[in-house]
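# Summary of structural features
Now for the letters of each chain:
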Amino acid sequence: MATPEISQVLLTEEQIRARVRDLAEEIDRDYAGCDLLVVSVLKGAFYFLADLTRAMRIQVAIDFMAISSYRGGKGPSGAVRLIKDLDEDLTGRHVLLVEDIIDTGLTASYLLRTLQARDPADLAICTLLDKTARRIAHTLPIRYRGFEVPDLFLVGYGLDYRQFHRNLPYIGVIRDDFLRREPASS
Ligand code: PRP
């Protein structure tokens, strides 16, 4: 492991690859014959989204949103600012929101409210990582979950620390003493 800030590899490249393949098979089965639109939020989910959809065999449309937290963090009820909206119309379509991680659940909760208002036929979540320890929004429709993870600062496979480490092929844990020395600004 060439990255001194990482104390532990939580999920190896092989574990991630195998689980992503399983999830893609499940999605293929469940959405066969449906008009499926996969929606993702920049930036963290981009590797997961790419690998997941590439492993799928059914026809799928893909679209992106970009959001930004309000200054000082997410707003009340996880409110975030939409800085790039979807291009696709959601009316009557099966929509799957793909996330890299659900932590408090506030981001997903806010996004779901926004997407639900556009009359999709069906709306569900596929998340690679589910960190339940800090969950605030408890009623999310998480239909697919890759791994339940402990309450640790995770990086890699899209997840960042101050925008770095997203490109690690595995998911690792940032060392506690490193976080204490370099407190994150956000
Ligand atoms: C991460 C992740 C989710 C959100 C989950 O995004 O991609 O969207 O946090 O956290 P929550 O459940 O507590 O709301 P982040 O805001 O770190 O931005 P990024 O995707 O650009 O890394």
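See the structure above.
Here's what I pulled together on the structure shown here. Residue positions are given per chain, counted from 1 along the sequence in the order it is written. Whole-chain, interface and lining totals are the exception, using all residues; otherwise, since this is a predicted model, local features are given only for residues with pLDDT of at least 70 and side-chain atom pairs are given and counted only at 80 or more. The side-chain figures draw on all heavy atoms in the structure; neither hydrogens nor water molecules are used.

### Details of unusual backbone geometry
The omega angle of the peptide bond from leucine 42 to lysine 43 is 5 degrees, so this bond is cis rather than trans. Positionally, lysine 43 belongs in the loop between strand S2 (36-42) and helix H2 (46-55). One non-glycine residue, aspartate 119, adopts positive backbone phi at about 60 degrees. Within the secondary structure, aspartate 119 sits in the loop between helix H3 (106-116) and strand S6 (122-130). In this scheme, a residue with accessible area under 20% of its type's maximum is buried, one over 50% is exposed, and one in between is partly exposed, where area comes from a 1.4 Å probe on protein chains only. In this structure aspartate 119 comes out as exposed when scored by relative accessible area, which is 54%. Phi is positive for tyrosine 157, which is not a glycine, with a value near 50 degrees. Starting at the N terminus, helices and strands are each numbered in turn, a helix being any DSSP run of H or I of at least four residues and a strand any DSSP run of E of at least two. Note on placement: tyrosine 157 falls in the loop between strand S8 (154-155) and strand S9 (171-174).

### Some words on the pairing of S6
Most of S6 sits inside the fold, with 9 of its 9 residues counted as buried. When the strands point away from the viewer, a crossover counts as right-handed if the route from the first strand across the helix to the second turns clockwise. In terms of handedness, the path from strand S5 (residues 94-102) via H3 over to S6 forms a crossover that is right-handed. Bridging between S6 and strand S7 (residues 142-148) involves 5 bridges; their strand directions are parallel. Residue pairing in the sheet places leucine 129 in a bridge with phenylalanine 147 of S7. Should DSSP find at least two bridges between two strands, the strands are regarded as paired.

### Focus on the packing of helix H1 (residues 13-30) against H2
Think of each axis as a best-fit line through the C-alpha atoms, taken over the contacting stretch in the case of a helix, with angles from 0 to 180 degrees between the N-to-C directions. Orientation of H1 relative to H2, taken along the N-to-C sense of each, is 55 degrees, at an axis distance of 8 Å. As far as their axial angle goes, H2 and H1 are oblique. Viewed along their axes, H1 and H2 form a crossing whose handedness is right-handed. Where H1 abuts H2, its residues Val20, Leu23, Ala24, Ile27 and Asp28 lie against Phe48, Asp51, Leu52 and Ala55. Gly is placed with the polar residues, together with every amino acid not listed as nonpolar (Ala, Val, Leu, Ile, Met, Phe, Trp, Tyr, Cys and Pro) or charged (Asp, Glu, Lys and Arg). Counted by class, the contact of H1 with H2 contains 7 nonpolar, no polar and 2 charged residues. Here is the rule for angles: anything less than 35 degrees is roughly parallel, anything more than 145 is roughly antiparallel, 65 through 115 is roughly perpendicular, and the remaining ranges are oblique. Less than a right angle of anticlockwise turn of the near helix away from the far helix marks a crossing as left-handed, whereas a clockwise turn marks it as right-handed. Contacts are assigned to residue pairs with any non-hydrogen atoms lying within 4.5 Å of each other.

### Details of the layout of surface pockets
A volume near 170 Å³ is recorded for the second largest pocket. Along the walls of the second largest pocket sit Glu13, Ile16, Arg17, Val20, Arg21, Asp51, Arg54, Ala55, Tyr157 and Pro169, which together make up its complete lining. At the level of elements, H1 and H2 are the ones that each hand at least two residues to the lining of the second largest pocket. Looking at the lining of the second largest pocket element by element, the count peaks at 5 residues for H1. In this analysis the probe radius is 1.4 Å and the grid spacing 1 Å, with only protein atoms considered; a cavity is a set of points the probe fits into but cannot get out of, a pocket is an open set with protein on both sides within 12 Å along at least five of seven lines, and lining residues have an atom within 4 Å of a point. Grid points are joined across faces, edges and corners, and a volume is the space filled by probe spheres set on the points.

Function-wise, these values are silent; they only describe arrangement.
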